[in-house]
Every structure is written in C-alpha cells, then in structure tokens.
Amino acid sequence: MKLLNVAISLFFVKVFLLLPGALYAQTLLSDVILAKGEQKELQVASLKNFSVGNPEVISYKYFPKEGKILLKGKRVGFTDLVLWKKTGKETVSIYVLSKQKFLKTFQLADALKNLNLTIDIKGPIMTASGSLADFSDYLYLQKIKSQFQDQVFFKISLEAKLRNHIVGQIYKKLYANGFSSVSCQLDWLDILCFYEGESNPEFLKQVASFYRISFIKQDSRLRHKNYRLKLKLIQLERLDGREIQMGLDKLQAKVSDIFVKGIRSMIDENAIKLQKTQMELSTLAEPELVVNLNSPQLIEIGSQIPFKNLGVQGATLIAPIDWRFAGLKIKTKITESYGKLLLDYETEFSRPVDQGISGSKEMSSALLEIGVPLKIFQIGFQTTSKDRQGIPFISEIPILKHLFESKMDSKTYKQIYGYVVLEAVE
C-alpha cells in the first residue's frame with residue numbers, strides 16, 4: 001500500500017489543477033508545469049517575439065493587446081518557450097504531465113511542505129531542502145524517501161539535537177548487545193554505521209529497519225596485531241597441612257604488582273602474615289608467548305614420569321614402562337568477540353599418587369583488556385610425604401632397623417594461582 005494515495009476521480013484532478021499557482025508560488029517563473037489538457041495564461045508584457053521549441057507538446061495562442069500567451073498541454077513531454085522582450089531574452093521551460101502524474105507530483109509536494117521544507121519542482125522531478133528537528137518527522141520523511149527516491153532529491157539535514165538522539169540510541173543498543181566498536185556517519189538523511197566484531201544479523205536488521213539506517217561490517221583492527229601473553233603461576237602453600245582459607249587477594253598487594261614488582265615484593269610486604277599463618281609464597285613459572293588471534297597455544301610445566309605396568313603373558317611376567325605426564329598443562333586461544341578479545345583456556349593439572357596419576361581439568365573463557373592483569377584459575381590440593389629416619393649403621397640391620405627407625409608423615413596444602421596479562425606488540 002502506497003504512503004500517498006493518488007485520487008483518480010475527475011473532481012480531485014480539477015481541484016489540484018488549480019493548486020500550483022496558489023500553493024507553489026516559490027517555483028521559478030522560468031518553469032511551467034501543465035497537466036495534459038490544462039490551460040494556463042502566461043503574462044508576457046512588452047513582448048517583441050516568441051518561439052515554441054516543440055509545438056507537439058503544447059498549443060498556444062498569443063493575445064498582444066492583453067500581453068499574454070494562452071498555453072495548453074497537448075501531449076506529455078517537454079518543450080521550451082523563448083521570449084524576446086524589450087528587457088532581453090528569456091527562456092521558459094514547460095513540462096506537460098499526465099493528469100495522474102500531475103496530481104501525484106503536487107500531492108507529494110504538499111506532503112513535504114507540511115514538514116516545513118522548501119520545494120523546487122522541475123517537471124516530474126522536485127528537490128526538497130531544509131532541516132528536521134522532530135524524530136517522528138524524520139521517520140515519516142524516511143518512508144516518503146523510500147517510496148519516491150527516483151522522483152525527489154532530498155537535501156535535508158538533521159538538527160544537532162535530533163542527530164545526537166538517533167546516533168546515541170544506536171550506540172546504546174549496540175553496546176548493550178556486545179558491540180564495542182561502532183562509528184556512525186551522516187550524509188543528509190542517510191546514516192551509515194560501521195561496526196567491528198561478530199555480527200548479529202537479526203538484531204542489526206531490527207535496528208536498521210526502525211531507525212532507517214545502514215550497517216557495514218569492518219575488518220577488525222585487532223586481527224592485524226601481535227600480542228604478548230604473559231602468565232604468572234604463583235604457589236601458596238601451608239606447611240601444617242591445613243586448608244588455606246586466605247587467598248592472595250587478602251595480602252597487601254595488587255594483582256598488577258605481580259607483573260610489575262614481582263613475587264619478591266609481595267613476600268616482603270607480607271612477611272609477618274605469611275610467617276604467622278605458616279604459609280610460603282613462591283613463583284612456579286613465568287612463561288611468555290607472542291601470539292596472534294585465532295592461533296592456539298600450549299604451555300606445559302612438568303615432566304613425563306615412568307610407571308611400571310605389570311602384566312602376565314602366558315607364564316611370563318612382563319613389566320613395560322609407561323610414561324605419563326605430571327604437572328600443569330595450559331591451553332589458550334585468543335579470538336575476537338564483538339570487538340573485544342576473548343581468551344579461551346583449558347587447564348589440566350596432574351600429579352603422581354601411589355602408582356598412578358591423579359588430576360583435574362577445567363575449561364573456561366574470559367574477556368581481556370590490554371594491559372589489565374586477570375586471575376584465570378586457582379587449583380588447590382594436599383600432598384603427603386613419608387620420611388623414614390634411623391640410627392646410622394643400625395638402620396641397615398634387617399631386623400633391628402625397624403626398632404630404631406622413626407617414621408614421619410608430613411602434609412602440605414597448596415594452592416596454585418594463574419594470572420595472565422595481554423600486551424600489544426608494537
């Protein structure tokens with residue numbers, strides 16, 4: 001259904017045939033628009049001579065005493081009328097439109113005038129110029145523009161308050177839906193917004209439809225950089241074997257201090273508290289990697305440990321050696337998510353227990369900001385060690401050694417913290 005319904009009845013045609021001279025007096029005198037079959041008088045005082053370019057388009061009759069020319073539209077088309085006056089030469093452009101086209105043109109012009117716009121009509125083509133301050137007028141004009149873009153040139157700007165309202169709403173909605181890089185540009189009524197990151201087609205379509213704007217996806221600037229990924233693996237252990245109730249966040253230090261000042265500074269500032277709680281603080285590893293987006297990384301801290309795998313084959317006892325990894329594996333991958341950097345990571349911790357390997361595995365993700373440290377994981381476990389001590393020489397005698405040998409079991413509770421910071425490589 002069209003926005004502006006065109007009345008076809010002869011009554012409305014006759015009414016609108018009377019409108020151009022009254023409503024659109026701002027149209028240039030050198031332009032005359034006629035409906036087919038319409039007559040119009042043209043005042044030509046002091047006329048010396050005249051010439052019609054295409055007499056197939058209009059018929060004419062000159063009345064020298066009255067100083068006027070009577071024009072009548074014969075056929076849809078264009079012609080010029082050259083007038084030679086005492087004051088000089090003048091050319092009049094004459095457009096003859098069908099009655100329906102004529103009505104549609106001036107009905108459209110009337111709708112645009114209601115928005116306080118200036119209308120300049122040249123035959124079936126018109127130019128609308130001015131500015132808009134109201135959001136509802138903006139939406140109404142956008143509908144007219146989509147329907148009559150081949151007939152009207154729009155030289156219309158948005159006033160600052162309206163422009164800021166529309167662009168502000170676009171930024172607000174995109175930021176709320178995970179877009180971090182958005183930039184909008186205005187070209188008269190057209191608003192073009194560039195964004196980075198993974199797109200949400202349905203969401204963008206809804207916003208574009210409501211605000212009558214266009215979205216263009218840009219290649220991310222984040223993809224064309226190298227980054228340095230720094231990890232700090234900090235161990236906090238309690239020597240009495242009791243579970244640690246206090247984390248590093250309770251110490252007098254900031255997370256950034258771990259990367260800037262190092263673990264030694266943290267130990268010195270918290271020496272009394274660590275001694276009182278029978279805890280020790282140390283650095284396990286400080287790996288650094290130069291990475292780029294979408295490339296996986298693997299960090300292994302530990303070693304392969306041999307285990308005998310006893311078995312029987314027929315009447316033969318076999319004991320092949322199995323090698324198993326004990327330690328910490330960290331898998332990372334940095335990708336882009338809605339213009340931000342997303343770290344996907346997986347930690348696998350394993351340790352020898354009796355004749356096997358025990359451990360745990362975790363998988364998660366976190367958004368990173370350049371230069372801002374972040375704790376990504378924490379692993380807690382208890383270790384038990386058994387020491388046998390005896391009197392020299394006697395402890396070597398098969399039977400007596402058990403009498404003079406002492407056994408000492410010690411338990412230690414440990415926590416391993418993983419911190420990461422991402423830096424851009426210039």
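Note that the structure is predicted; figures quoted are calculated from it, not measured.

What follows deals with the overall build of the protein. Scanning the protein from N- to C-terminus turns up 10 helices and 24 strands. For the protein, buried positions account for 38% of its 426 residues.

To continue, consider the pattern of salt bridges. For the structure on display, the rule yields nine salt bridges. Asp-190 is the partner of Lys-145 in a salt bridge, and the nearest nitrogen-oxygen pair spans 3.1 Å. Here the residue Lys-145 occupies a position in helix 4 (residues 135-148), and Asp-190 occupies one in strand 12 (residues 190-195), the gap between them amounting to 45 residues. The buried category is assigned to Lys-145, whose relative accessible area is 18%. On the basis of relative accessible area, Asp-190 is assigned to the partly exposed category, the value being 39%. With its nearest N and O atoms 3.9 Å apart, the salt bridge here joins Glu-300 to Lys-329. Note that Glu-300 is positioned in strand 17 (residues 296-308) and Lys-329 in strand 20 (residues 321-337), a separation of 29 residues in sequence. The class of Glu-300 is partly exposed, set by a relative accessible area of 43%. Lys-329 sits in the partly exposed class, given a relative accessible area of 22%. Taken together, the salt bridges that share partners define one network made up of Arg-228, Lys-230 and Glu-423.

In this structure the tally under the stated criterion is 10 aromatic pairs. Seen from their ring centres, Phe-50 and Tyr-60 are 5.7 Å apart, and the 90° between their planes marks the pair as edge-to-face. With Phe-50 in strand 3 (residues 47-52) and Tyr-60 in strand 4 (residues 58-63), this pair connects stretches of sequence that are 10 residues apart. Assessed through its relative accessible area of 40%, Tyr-60 is described here as partly exposed.

Moving on to the sheet that holds strand 2 (residues 39-43). In space, the three strands of this open sheet follow the order 2-5-4, with antiparallel pairing throughout. Of all strands in the sheet, those with a lone pairing partner are strand 2 and strand 4, marking the two edges. Across the sheet, the mean angle from the axis of one strand to that of its neighbour is 20°, orientation sign disregarded. Inspection of the sheet shows strand 2 paired to strand 5 (residues 68-73) by five bridges, in the antiparallel sense. Across the sheet, residue Gln-39 finds its bridge partner in strand 5, namely Lys-72.

Moving on, we get to the sheet that holds strand 13 (residues 214-217). Overall, mixed pairing links the three strands, which are arranged 11-12-13 in an open sheet. In the strand order of this sheet, the two ends are held by strand 11 (182-187) and strand 13, each with one partner. Going from strand to strand, the sheet's axes swing by 25° on average, the running direction of each strand aside. Across the face of the sheet, helix 5 (residues 160-176) comes into contact with strand 11, strand 12 and strand 13 while running at roughly 155° to strand 11.

Leu-112, Tyr-138, Ile-213 and Phe-215 are the most contacted members of the largest nonpolar core, which has 44 residues in total. Beyond its immediate stretch of four places on either side in the chain, Ile-213 contacts Tyr-138, Ile-170, Ile-191, Cys-193, Val-207 and Ala-208. The next biggest cluster of nonpolar side chains, apart from the first, holds 24 residues, and it includes Leu-231, Leu-233, Phe-349 and Ile-379.

Attention now goes to helix 6 (residues 201-211). The complete set of buried residues in helix 6 reads Phe-203, Leu-204, Val-207, Ala-208 and Tyr-211. End-on, the buried residues of helix 6 take up no more than an arc of 125°, which puts them together on one face. Turned more than 90 degrees from where helix 6 packs its buried face, Pro-201 and Lys-205 sit exposed. One or two positions beyond helix 6, positive phi appears at Arg-212, with a value near 55°.

Further remarks concern the state of the cysteines. What the rule picks out here adds up to one disulfide. Residue pairing for Cys-184: its cysteine sulfur links by disulfide to Cys-193, the two sulfurs lying 2.1 Å apart. Judged by the sign of its S-S torsion, about 105°, the cystine formed by Cys-184 and Cys-193 is right-handed. Pair check on accessibility: Cys-184 and Cys-193 agree, each one buried.

Between its first and last C-alpha atoms helix 4 spans 20 Å; for 14 residues at 1.5 Å apiece the expected length is 20 Å, and the two agree. Within helix 4, the full set of buried residues consists of Phe-135, Tyr-138, Leu-141, Gln-142, Ile-144, Lys-145 and Phe-148.

Attention now goes to the side chain of Lys-414. Along the chain, the position of Lys-414 falls in strand 24 (residues 405-425). The buried category is assigned to Lys-414, whose relative accessible area is 19%. Those residues in contact with Lys-414, other than ones at most four positions away along the chain, are Gln-235, Leu-236, Glu-237, Ile-379, Gly-380, Phe-381 and Thr-383.

Here helix 5 crosses helix 6 at 165°, and the two axes come no closer than 12 Å. As summarised for this structure, helix 5 and helix 6 are arranged roughly antiparallel, according to the angle between their axes. Two packed elements cross with a definite hand, and for helix 5 against helix 6 that hand is right-handed. Only Phe-203, Leu-204, Val-207 and Tyr-211 of helix 6 make contact with helix 5, whose side of the interface consists of Ile-166, Gln-169, Lys-173 and Leu-174. Looking at the contact of helix 5 with helix 6 residue by residue, the class counts come to six nonpolar, one polar and one charged.

The next point concerns the confidence of the model for the protein. On average, residues of the protein score 79 in pLDDT, and 78% of them reach the 70 mark or higher. Ranking the helices and strands of the protein by mean pLDDT puts strand 4 first, with 93, and helix 1 (residues 10-17) last, with 35. Below pLDDT 50 for its whole length, residues 1-28 participates in 42 contacts with residues either more than four positions away or in separate chains.

Criteria and thresholds
Residues numbered from 1 in each chain as written. Predicted model: local features only at pLDDT ≥ 70, side-chain atom pairs only at ≥ 80, totals over all residues. Heavy atoms only, no water. Helix = DSSP H or I, 4+ residues; strand = E, 2+ residues; numbered from the N terminus. Buried < 20%, exposed > 50% of the residue type's maximum accessible area, 1.4 Å probe, protein only. Salt bridge = Lys/Arg side-chain N within 4 Å of Asp/Glu carboxyl O. Phe/Tyr/Trp six-rings, centres within 6.5 Å; stacked < 30°, edge-to-face > 60°. Pairing = 2+ DSSP bridges. Axes fitted to C-alpha atoms, helices over the stretch in contact; angles between N-to-C directions. Contact = heavy atoms within 4.5 Å. Core = buried A, V, L, I, M, F, W, Y, C linked by side-chain atoms within 4.5 Å. Arc of directions from axis to C-beta. Disulfide = S-S within 2.5 Å. Expected span 1.5 Å × (residues − 1). Parallel < 35°, antiparallel > 145°, perpendicular 65-115°, else oblique. Left-handed = near helix turned anticlockwise from the far one by under 90°. Nonpolar A, V, L, I, M, F, W, Y, C, P; charged D, E, K, R; others polar. pLDDT = per-residue confidence, 0-100.

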